[in-house]
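# Commentary on secondary and tertiary structure
What follows is the residue order along each chain.
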Amino acid sequence: MLSDVKAEELMSFLTVDTRPDVKGQATEYILGLSGNRDGCRFLQTKPDLIKALVALTTDPSIAIVKDCYHSIINLSADETMHRLLLKNQDFLPMLFKNILDPAYMFADRICTILTNLSRHVKSCKEVFKAMQEQEIGLAQIVEIFCTEGYNKQASLHYLGPLLSNLTQLPETRQFILDKERCVVQRLLPYTQYEASTIRRGGVVGTLRNCCFDHVHHDWLLGDAVDILPFLLLPLAGPEDLSDEENQGLPVDLQYLPEDKKREEDPDIRKMLIETLILLTATKVGRQILKNKNAYAIMREFHNWETEPHVLAACEKLIQALIGDEPESGMENLLEVEIPDDVEVKLKDMEAKELEQLEKDKEDLLNPDHVQQCAGIVRMM
């Protein structure tokens, strides 16, 4: 790793006035450092280098700006770097200013950085606070996200995971679940957005987080939103159901064509099922899912699914759909108080179950399979 003297020399090259070729070599070197753990740890001790990188995102050279953003993406993927990045008071305001610019060519990279920074609650609060200070409302983010072609040079798909991360915060869920704003209704079609797994997964994650607020279940499942078909349709396949079963389903799920395909991404399938499980946590939710014959869809899905962790979630949902109703006073499973000793045992059982699922998953994977962690993005 660089000595302090070499680091100072490198720092001297990271200025707008430096010759482009020299400056380009310096930003390329830092990009290489940011792509591995040791390099990130070194850069963590050199806040001036990171501040210089942020400043160079305004450089006239596209290649240099690209390297700077790629380095910041890598740094933001490391949770230990978040505090240092957010300490720079100009950092978040610059990102939000540029993301609103419909002609800014690096907007996708900014979306990725904000997604990485907002993964954990503490830094997510900082991101949300910066939005408020810059008078950037969630309404603007949703509007940009839902406006096809808002930026001709950027897809803005990573606004989906950003919204999902922001729904960790009650303020964001309150905004999205506001009955007067119709935000949920605008997001629902993206559960089947074929052009981007990232955008699709971000919306499903957003819906899942919102369903933790059980007081809205009746509204979400009612005619005003009608969320159920948007959650079930990606899980439905081409299997033939009886006329009686078809007629019990929501209209959009009846008599599906022979070429109907299910959601291709296992993590999104799992999130869809987790959302349905949350909806079955309330009595009204269980009754509606049962009355809408969700079991028929999940039964066929269970026969089709091969991923162990998705199957485990599916089995929990099926149990909720076919099992007996909880005893009086326990109808809302999200409000049930669990004794401390029982909670410890349940967590231990869940940990063992997850460990076994991981072993099962490893058995199914070939040796050169690479698993990606959703929401964390690195670039080289």
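This next bit is on the nonpolar core. Within the largest apolar cluster, 107 residues are counted, with the highest numbers of intra-cluster contacts made by F91, L92 and M298. Contact partners of F91, with chain neighbours within four places excluded, come to V54, I72, L85, I113 and L117.

Of the volumes computed, that of the second largest pocket is approximately 350 Å³. Taken together, T191, Q192, E194, R200, L233, P234, D259, K260, K261, R262, E263 and E264 make up the full set of residues lining the second largest pocket. Within the lining of the second largest pocket, the residues separate by chemical class into two nonpolar, two polar and eight charged.

Do not read the fine detail of predicted coordinates wherever pLDDT is low. Across the protein, the average pLDDT comes to 89, with 85% of residues at or above 70. Confidence over residues 364–374 falls short of pLDDT 50; this stretch has five contacts with residues more than four positions distant or in other chains.

With that settled, consider the pattern of salt bridges. In the structure shown here, the tally under the stated rule is 15 salt bridges. We note a salt bridge from R200 to E264, for which the minimum N-O separation is 4.0 Å. With R200 in helix 14 (residues 197–210) and E264 in the loop between helix 17 (243–248) and helix 18 (266–279), this pair connects stretches of sequence that are 64 residues apart. A salt bridge links R208 to E274; the nearest nitrogen and oxygen atoms lie 2.9 Å apart.

For the rest of this paragraph, the subject is the environment of K260. Within the element layout of this structure, K260 appears in the loop between helix 17 and helix 18. A relative accessible area of 16% places K260 in the buried class. Between the C-alpha atom of K260 and that of A236, which follows or precedes it by 24 residues, the distance is 7.7 Å. With sequence-adjacent residues up to four places away left out, K260 is seen in contact with L233, P234, A236, G237 and P238. For K260, the side chain forms a polar contact with the main-chain oxygen of L233, separated by 2.8 Å. Separated by 2.8 Å, the side chain of K260 and the backbone oxygen of A236 make a polar contact.

Conventions adopted
Residues numbered from 1 in each chain as written. Predicted model: local features only at pLDDT ≥ 70, side-chain atom pairs only at ≥ 80, totals over all residues. Heavy atoms only, no water. Core = buried A, V, L, I, M, F, W, Y, C linked by side-chain atoms within 4.5 Å. Buried < 20%, exposed > 50% of the residue type's maximum accessible area, 1.4 Å probe, protein only. Contact = heavy atoms within 4.5 Å. 1 Å grid on protein atoms, 1.4 Å probe; cavity = no way out; pocket = protein on both sides within 12 Å on 5 of 7 lines; lining within 4 Å. Points joined across faces, edges and corners; volume = space filled by probe spheres on them. Nonpolar A, V, L, I, M, F, W, Y, C, P; charged D, E, K, R; others polar. pLDDT = per-residue confidence, 0-100. Salt bridge = Lys/Arg side-chain N within 4 Å of Asp/Glu carboxyl O. Helix = DSSP H or I, 4+ residues; strand = E, 2+ residues; numbered from the N terminus. Polar contact = N/O pair within 3.5 Å; in protein donor to acceptor, adjacent residues only side chain to side chain.

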